[in-house]
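# Observations on the three-dimensional arrangement
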Amino acid sequence: MAKRTKLNMNVGIISFMVIFIILCLVTFALLSIVSAKNNMRSAENYANHASYYYTIENMANEELEKIDTQLKADHSASSSRDDYFDRIKNVQNINGNIILSGHTISYEITYRETKISVSLEVLYHAKTYYKITKWESRAADEKSNSGSVNIYPDSDDSGTTEVWGND
């Protein structure tokens, strides 16, 4: 009779642990890649949004500077309070986006998906030529005021003031 050789495969706990550890490492590597891609996409979206926001803020501030320059010229050329408030109509000549209603100047700037609405109350013989009563940032297609921002608060809590126009 021929002797049969028996093939023994010793698969022990160490082999199972190595396989389990390799599977865990592969799983965590895939999760890390997916998480990194999501973080990169989120960072790019935030960078684009911040870029758009600061671009529109700069556009609104440039418009505000033009208005400030015009109000300064009107103030220098005026002889009385009534003459000054008659001359502020020249602000509308800056561009067609500016609306003058009484002593209130309003304008809106839209850039990409963001819109900024600004309202100014024109002042006479004050530290500044105007007081910002509204500086609102929101999505261009949105009607709410959820993005309003108050800057440089007055000491008497009556609104907001910009420091342009100090001589």
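Residues numbered from 1 in each chain as written. Predicted model: local features only at pLDDT ≥ 70, side-chain atom pairs only at ≥ 80, totals over all residues. Heavy atoms only, no water.

Glancing now at the nonpolar core. The biggest cluster of nonpolar side chains holds 23 residues, and the ones touching the most others in it are I67, L71, Y84, I105, Y107, L120 and W135. Going through the elements one at a time, α1 (13-77), α2 (81-87), β2 (104-111), β3 (114-122) and β4 (130-139) are the ones with two or more residues in this core. At five residues, α1 tops the list of elements feeding residues into this core. Excluding anything up to four places from it in sequence, L120 contacts L64, I67, H103, T104, I105, Y130, K131, I132 and T133. (Core = buried A, V, L, I, M, F, W, Y, C linked by side-chain atoms within 4.5 Å. Buried < 20%, exposed > 50% of the residue type's maximum accessible area, 1.4 Å probe, protein only. Helix = DSSP H or I, 4+ residues; strand = E, 2+ residues; numbered from the N terminus. Contact = heavy atoms within 4.5 Å.)

All right, on to α1 then. For α1, which comprises 65 residues, the first-to-last C-alpha distance of 94 Å matches the rise-based estimate of 96 Å (1.5 Å per residue) to within 8%. Among all positions in α1, only A50, Y52, I56, E57, A60, E63, L64, I67, D68, L71 and D74 are buried. In this structure, the buried side of α1 is in contact with α2, β2, β3 and β4. (Expected span 1.5 Å × (residues − 1).)

Turning our attention to the environment of I99. Along the chain, I99 turns up in strand β1 (residues 99-101). For I99, a relative accessible area of 52% corresponds to the exposed category. For I99, the contacting residues outside a window of four places in its chain are Q92, T104, I105 and S106.

Moving on: the pattern of salt bridges. Inspection of the entire model under this criterion finds three salt bridges. The residue K115 makes a salt bridge to E108 at a minimum N-O spacing of 3.6 Å. With a closest N to O distance of 2.3 Å, R138 and E136 form a salt bridge. No difference in accessibility class separates R138 from E136, as the two residues are buried. (Salt bridge = Lys/Arg side-chain N within 4 Å of Asp/Glu carboxyl O.)

Glancing now at the confidence of the model for the protein. When pLDDT is averaged along the protein, the result is 81; 80% of the residues meet or exceed 70. Long-range and interchain partners of residues 144-153, a stretch whose pLDDT sits below 50, account for 18 contacts in this model, where long-range means more than four residues apart. Taken together, the stretch residues 157-167 has pLDDT below 50 and engages in 38 contacts with residues farther than four places along the chain or on a different chain. (pLDDT = per-residue confidence, 0-100.)

Next up on the list: the pairing of β3. Most of β3 sits out of view: eight of its nine residues are buried. Note that β2 and β3 share eight bridges and pair antiparallel. Directly across from I105, in β3, lies its bridge partner L120. Where β2 folds back on β3, the antiparallel hairpin that results is connected by two residues, among which R112 adopts a positive phi of roughly 55°. Here β3 runs beside β4; their pairing, made up of nine bridges, is antiparallel. Paired with E121 across the two strands is K131, which belongs to β4. (Pairing = 2+ DSSP bridges.)

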